[in-house]
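What follows is the residue order along each chain.
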Amino acid sequence: MNLKTWVLPIMALAMTAGHAADFNVVSNSPLNGHFPPAQFANAMGCTGKNLSPHLAWQGAPQGTKSYVITVYDPDAPTGSGWWHWVVANIPASVTELQEGAGSEGGQLPQGAQSVRGDHGRPGYAGICPPNGQVHNYVVTVHALKAETLDLPPQVTPAMLGFMTLGAGLAKATLTIKGGR
């Protein structure tokens, strides 16, 4: 094996990783790193406003044609976590969603498609960790090389994750805590 055979792919990977390192997501919804009552559910013993969090992202890699956003609780007492919010086909021109955009009555960008989460319907499902527990909520913005993903009518978060992986260029994550 000559030098070019393994050096060029490593250089290409390093260059991609460098560009991906510039990709980040922020939110002005959390207070001191924790979700406030506005992002909590109004169900299952919680009395929140069920508003999806504000999200803004920047530094997506060149060639980004759309985004997928997920909010996932790996600490949920289910054995497999809990998908609180999943949105696909967000146009590349969009780099911010206002608080409540993914909630009932909210306004997602034209073309964006809300996917059924673990609560059984599309749209944001507020957090509601068990009393006395603090959970980590992982917010991820995926930059995709596809303008849209052709989603089956009853697509699950796992299937969308598979499709996202195949079309992904980079991802940016932010972990926000929530407890009661």
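Above this text is the structure in question.
Residues numbered from 1 in each chain as written. Predicted model: local features only at pLDDT ≥ 70, side-chain atom pairs only at ≥ 80, totals over all residues. Heavy atoms only, no water.

Here the phi dihedral of N32 falls at roughly 50 degrees; this positive angle occurs in a residue that is not glycine. Using a relative accessible area of 80% as the deciding quantity, one classes N32 as exposed. In this structure, N50 is a non-glycine residue whose phi angle is positive, near 60 degrees. Positionally, N50 belongs in the loop between β1 (24-26) and β2 (55-58). (Buried < 20%, exposed > 50% of the residue type's maximum accessible area, 1.4 Å probe, protein only. Helix = DSSP H or I, 4+ residues; strand = E, 2+ residues; numbered from the N terminus.)

For any two aromatic rings, the description comes down to two numbers: the centre-to-centre distance and the angle of the planes. The tally for this structure, following the rule as stated, stands at 5 aromatic pairs. With a centroid separation of 4.4 Å and 40 degrees between ring planes, the pair formed by Y72 and W83 is classed as tilted. Of the two residues, Y72 is situated in strand β3 (residues 66-73) and W83 in strand β4 (residues 82-91); the sequence distance between them amounts to 11 residues. Judged by relative accessible area, which is 23%, W83 ranks as partly exposed. Centroid distance W85 to Y124: 5.9 Å. Interplanar angle 85 degrees. Geometry classified as edge-to-face. (Phe/Tyr/Trp six-rings, centres within 6.5 Å; stacked < 30°, edge-to-face > 60°.)

Looking now at the sheet that holds strand β8 (residues 168-179). Pairing within the open sheet is antiparallel, and its 5 strands lie in the order β6-β4-β3-β7-β8. Two strands close off the open sheet at either side, each with one partner strand: β6 (113-114) and β8. Relative to β6, β4 is paired through 2 bridges, and the arrangement is antiparallel. Paired with A88 across the two strands is Q113, which belongs to β6. This element, helix α2 (residues 157-167), spans β3, β4, β7 (134-144) and β8 of the sheet and lies at about 140 degrees to β8. (Pairing = 2+ DSSP bridges. Contact = heavy atoms within 4.5 Å. Axes fitted to C-alpha atoms, helices over the stretch in contact; angles between N-to-C directions.)

If you walk across this open sheet you meet the 3 strands as β1-β2-β5, and the pairing is antiparallel. A strand with exactly one partner marks an edge of an open sheet, and here the two such strands are β1 and β5 (96-97). The pairing of β2 with β5 spans 2 bridges and is antiparallel. Bridge pairing links A56 to E96 in β5.

The topology assignment puts H54 in the loop between β1 and β2. Within the local environment of H54, its side chain forms a polar contact with the backbone nitrogen of N28, the two atoms lying 3.0 Å apart. (Polar contact = N/O pair within 3.5 Å; in protein donor to acceptor, adjacent residues only side chain to side chain.)

A few words now on the state of the cysteines. Considering all chains together, one arrives at 1 disulfide under this definition. Residue pairing for C46: its cysteine sulfur links by disulfide to C128, the two sulfurs lying 2.1 Å apart. Every disulfide takes its handedness from the sign of the S-S torsion; for C46 and C128 that torsion is 95 degrees, giving right-handed. Here C46, found in the loop between β1 and β2, pairs with C128, found in the loop between β6 and β7; they are 82 residues apart in sequence, far enough to count as distant. Of the two residues, C46 and C128, neither departs from the other in class, the shared state being buried. (Disulfide = S-S within 2.5 Å.)

Now for the environment of G178. Take G178: it is sitting in strand β8. The exposure class of G178 is buried, given its relative accessible area of 0%. Measuring from C-alpha to C-alpha, the distance between G178 and D73 comes to 9.8 Å, with 105 residues separating the pair along the chain. With sequence-adjacent residues up to four places away left out, G178 is seen in contact with H34, I127, P129, Q133, V134, H135 and Y137.

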